[in-house]
Amino acid sequence: MSGWRTTIRLRFRALIQRRAFDRDLEDEIGFHLAMRERKQRNSGLGAEDAHYATIRRFGNVTLWKEDTREMWTFTTFETLWQDVCFAVRTLRKSPAFLTVVVFSLALGIGANSTIFSVLNAVLYRPLPYREPGRLMTIEETEAGRQNSGEPPAIADGADWRKQSHVFEDIALTSFTEPTSLAGDGGAEQARAQFVTPNFFHLMGASPMFGRIFTASEAQDLTQTVVISSPFWKRRFNGDPKVLGKTFKVSGVLSTVVGVMPPSLGSFYGGPLDMWVPIDAESARYSERKDHWLIAIGRLRPGATQSQAQIEMNVIAHRLEQAYPATNKGVRVRVMPLHEALYEGAGRYLYPLLGAVVCVLMIACVNAANLLQARTETRRTEFAVRASLGAGRRRLMRQLLIESGVLGLAGGMLGIGLTFAGIRLFLAVAMDFTEGDRVTLDIRVLLFTLAVSLATALLVGSAPAFQAARTDLNLALREGERRTTAGKGGRRTRHVLAVAEIALAMVLLVGAGLMINSVLRLQQVNPGFDPTHVMNFDLSLSEGEPYVVRVPGGDIERATPLVTAFYRRLLDKVAAIPGVESAGMITPYGFGYSFSVLGRPAPPPDKMPRTGFREISPSLFRALKIRLKKGRYLSGADLPGAPWAAVVNETFVRRYFPHEDPIGQRLVLRFIDLDQKQPRQIVGVVGDVKWYLPEREPDPIVYTSYLQQDSDYRGGGILSHLAQTLMVRSVPGLGNREADLTKEVKKAVAELDPDQPVTNMMTMEQSLARSIGDAQFYARLLEIFAAIALLLAAIGIYGSMSYFVTERTHEIGIRVALGAQRRSILGLVAGLGLKLSLMGVAIGVALAVGLTRVIAQFLFGVTATDPATFAEVGLGLLGIGVLACYIPARRATRVDPMVALRHE
Amino acid sequence: MKDKNPGELLRDTLDMLVLKTLTRGPRHGYAIAEFIEETTGDVLRVEEGALYPALHRLELRGLVAAEWGVSENNRRARYYKLTAAGRKQLSEESARWDRMTSAVARIMEA
């Protein structure tokens, strides 16, 4: 039966050819009336009587026409459309109102969509691997510390893989690690991910061409590597014959066997050049001390996280019994990979979402306030419409549609602002590696739509209910003789204005705290002179000719070439014209403990811990680190001489508070391996902050690169091979970073053409980077707070303006009765001040509760810093009063005659 | 079938009368009104305007088809004619009508 199809077809025709349809209906009924009228006249009636008789027989022509038309139309849809058209028409009549409301909402919505885009890219989008929901990470806890989480020992990971049944497979992988690369095409620092051969299959990635690793392909002297698509294009110009090419990765001869598609990248989106195989079952890792690869497991279909956890507990217990020396008290924790990767990012980003929600709330309150005022002025209109028969529901719907139109308009403009917002965010965030994943996708659009509609509902519901409750009599009477609006409406508006100020206060306090933190960070004394110093990173390769592997274990031995390289490099760099001095330092070393000779040795797990840095003796002078006691390390501290150490003040304060540290002898221990010789403390230097937000400096032991053991365990040799060269130029030579970089690179290449130099930057840049997080937060909160302030100012201004307009009549009477301008001014400004004060007071209470969420980014100020609160509060009051100024002045200029005639 | 209120009952009756009228050939609205009024006298007097929503409703349901034609006095008029579906509907309706009236009649005579 095609009935419904006919219906739809006819209805659509009627909808589309609406005008023709109306004319036809007119004709059809016109014909009927003409025929009837003629018949009436033929039966002897006069023209007028015939006409009336016809109408009587036909009934209400308009109504019947309307009924007939209604047969054809999608009634609800049409009246809805009518309402929308009407809303647009009414709104266009007050362009100022429209602009302010739409623009406020757009700012609020745009800010939310921007932050949501970032959250979406980082936290909500599924990971780009096959069935990512089944991927889990498995962490070990440190012995006796239940809440800690660290990567498992490599051999533990291998055992898990063999024993687990809940997991289909378990792979081990590093994050992106810098490695040196040499071969045709020059030396460079490459970014590698070390993975077990099953990694690719586990993640569901297959190569564009070539193959992936076969089991246990990693060897000590040669290996295969799989390269990334960007590296293939960069280093090999996309050469299809790349398979079989070789280069050296950390001194190990490596053959390319496969190229991965661009879809497989690094974990956090940063650049990645290649995957290097690791044999987890190699004897090298049998000591279970190397915790630098994370474990990723793929659950069997249908298996759950808790099943995996239960099974892993059993396995951990088994390993505990098999390897008590390393695994005693070690527990295992299973968690979804996505959570493990992005837990930290969430802590970072959710406070920002809170801030933009705050902005949106201000925008909503602003819009609601304006809408409220407008509803009050339109009460007569609603009353007239209601008395002409408009239903309450229809009136409410009309108002909700109006706010819906406003919300959607705000949303559309907001999307435009989101485009700009994302670019702004990425510009402010600078080194946000996942920048290109932040896009306006369908999810962001849906979010924006939802927010717009929710906003509209929030903003529109109060006026809609009020309009529906309009008391006809009262409203119509008031229309004649206008006095002040109802008490209820005025109170609502005042509450809204107060809320706006309170919310703005929260954001301003947040921004104020961050700005204060940044200012304080910039004033931190780093403990050395960072001006005219440039840094260069270099890392000697972890293979021939600098490192040999000691057979039968995980011991790597540095050859004498390492110290020779350092000594000659320092000489060469110091000889560069314009260089005042140069020093070298290794990255901060964790995992060192020590004992003091002559004191009873504590058990290994109770030994005191210290930071450790290997330096060149020239470093202290090059950086102008102050000597507090004893002497600096010197070139005379050679391998044959007694081994020396310099410690920092914190070390002394913590470990030798009541003794003279000079002359004390320490035995340093790194990953359970004692250094061969004890070291005598020869000097104490001031504390240094390489990382400015550091609160409590760590104790540090500085030792010379010339007095080091040659044997390292578990990758520890990197602490000897990775160096930062710090070069101080003679002041007054101007900006010669480029020249200096060239000279340093030349010096390095002369010693070893395969040795890359990376991360060239001035010390000041490096310090600035260390406060990047705080700066990023400060800038974003500044932007949000500025928007909030603007919106709040508009809100107060709007409220006050309305207040004055509403009372023009009253003010006129007062002026006519002899009130002074000052008292009129006081009337308006007093109210403004009162509202601002209340807003600030509530804002302070809110801020005290809420600024805790950014406490982790604060430096030198507490989350309830009274000075910041006072400054912001006073500032906001000032702006509140200022926003009253124009309306107040207008009030004083009220001409009593005009005012009394006013409506 | 769901319950019908009296208004709907009346509406259905009007629909049926229109369909029945059209069994005598295509007619325009005025002619249909004239026919029903003449045939029933003043008994089923409804406002003539009510005919038009009914006609358009029937058209939408595909029970009648409409086209523009020229009337006996040379004016543009909209003519309605019965479709196959309309014929079928009419026979169902009149059967039901017969059952109902005979049932009512039996009660009234009892």
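On a predicted model such as this, the values are computed, not experimentally measured, just so you know. (Residues numbered from 1 in each chain as written. Chains lettered and ligands numbered in written order. Predicted model: local features only at pLDDT ≥ 70, side-chain atom pairs only at ≥ 80, totals over all residues.)

Further remarks concern helix α18 (residues 561–574) of chain A. Residues and elements named next belong to chain A. For α18, which comprises 14 residues, the first-to-last C-alpha distance of 20 Å matches the rise-based estimate of 20 Å (1.5 Å per residue) to within 8%. Considered for burial, the residues of α18 that qualify are Val562, Phe565, Tyr566, Leu569, Leu570 and Val573. Relative to the axis of α18, the buried residues are bounded by an arc of 125 degrees and lie together on one face. Residues of α18 that are exposed and angled more than 90 degrees away from the buried face: Ala564 and Asp571. (Helix = DSSP H or I, 4+ residues; strand = E, 2+ residues; numbered from the N terminus. Expected span 1.5 Å × (residues − 1). Buried ≥ 20, exposed ≤ 12 C-beta atoms within 10 Å, placed from the backbone. Arc of directions from axis to C-beta.)

With that settled, consider the packing of helix α26 (residues 821–850) of chain A against helix α27 (residues 866–892) of chain A. Residues and elements named next belong to chain A. Two elements in contact, α26 and α27, have axes separated by 8 Å at closest approach and are oriented at 150 degrees. With respect to each other, α26 and α27 are oriented roughly antiparallel. Crossing geometry of α26 relative to α27 is assigned as right-handed. Judged by residue contacts, Arg821, Ile824, Leu825, Val828, Ala829, Gly832, Leu833, Ser836, Leu837, Val840, Val844 and Ala847 of α26 engage Phe869, Gly873, Leu876, Leu877, Gly880, Val881, Ala883, Cys884, Pro887, Ala888, Ala891 and Thr892 from α27. Its residues assigned to classes, the contact of α26 with α27 comprises 18 nonpolar, five polar and one charged. (Axes fitted to C-alpha atoms, helices over the stretch in contact; angles between N-to-C directions. Parallel < 35°, antiparallel > 145°, perpendicular 65-115°, else oblique. Left-handed = near helix turned anticlockwise from the far one by under 90°. Contact = placed C-beta atoms within 7 Å. Nonpolar A, V, L, I, M, F, W, Y, C, P; charged D, E, K, R; others polar.)

Let us look at the sheet that holds strand β1 (residues 27–28) of chain B. All names here are of chain B. Taken in spatial order, the three strands make up an open sheet running β1-β3-β2, and their pairing is antiparallel. In the strand order of this sheet, the two ends are held by β1 and β2 (64–70), each with one partner. Relative to strand β3 (residues 76–82), β1 runs antiparallel, the two sharing two bridges. Each residue of the ladder has a partner; that of Arg27, found in β3, is Tyr80. (Pairing = 2+ DSSP bridges.)

On to the packing of helix α2 (residues 18–42) of chain A against helix α3 (residues 47–58) of chain A. Residue and element names in this part refer to chain A. For the pair α2 and α3, interaxial distance at closest approach is 9 Å and the crossing angle is 130 degrees. Compared by their axis directions, α2 and α3 come out oblique. Considering how the two elements wind past one another, α2 and α3 form a crossing that is right-handed. The residues of α3 that touch α2, namely those facing Leu33, Arg36, Glu37, Gln40 and Arg41, are Ala47, Ala50, His51, Ala53, Thr54, Arg57 and Phe58. Of the residues assigned to the contact of α2 with α3, the class counts are five nonpolar, three polar and four charged.

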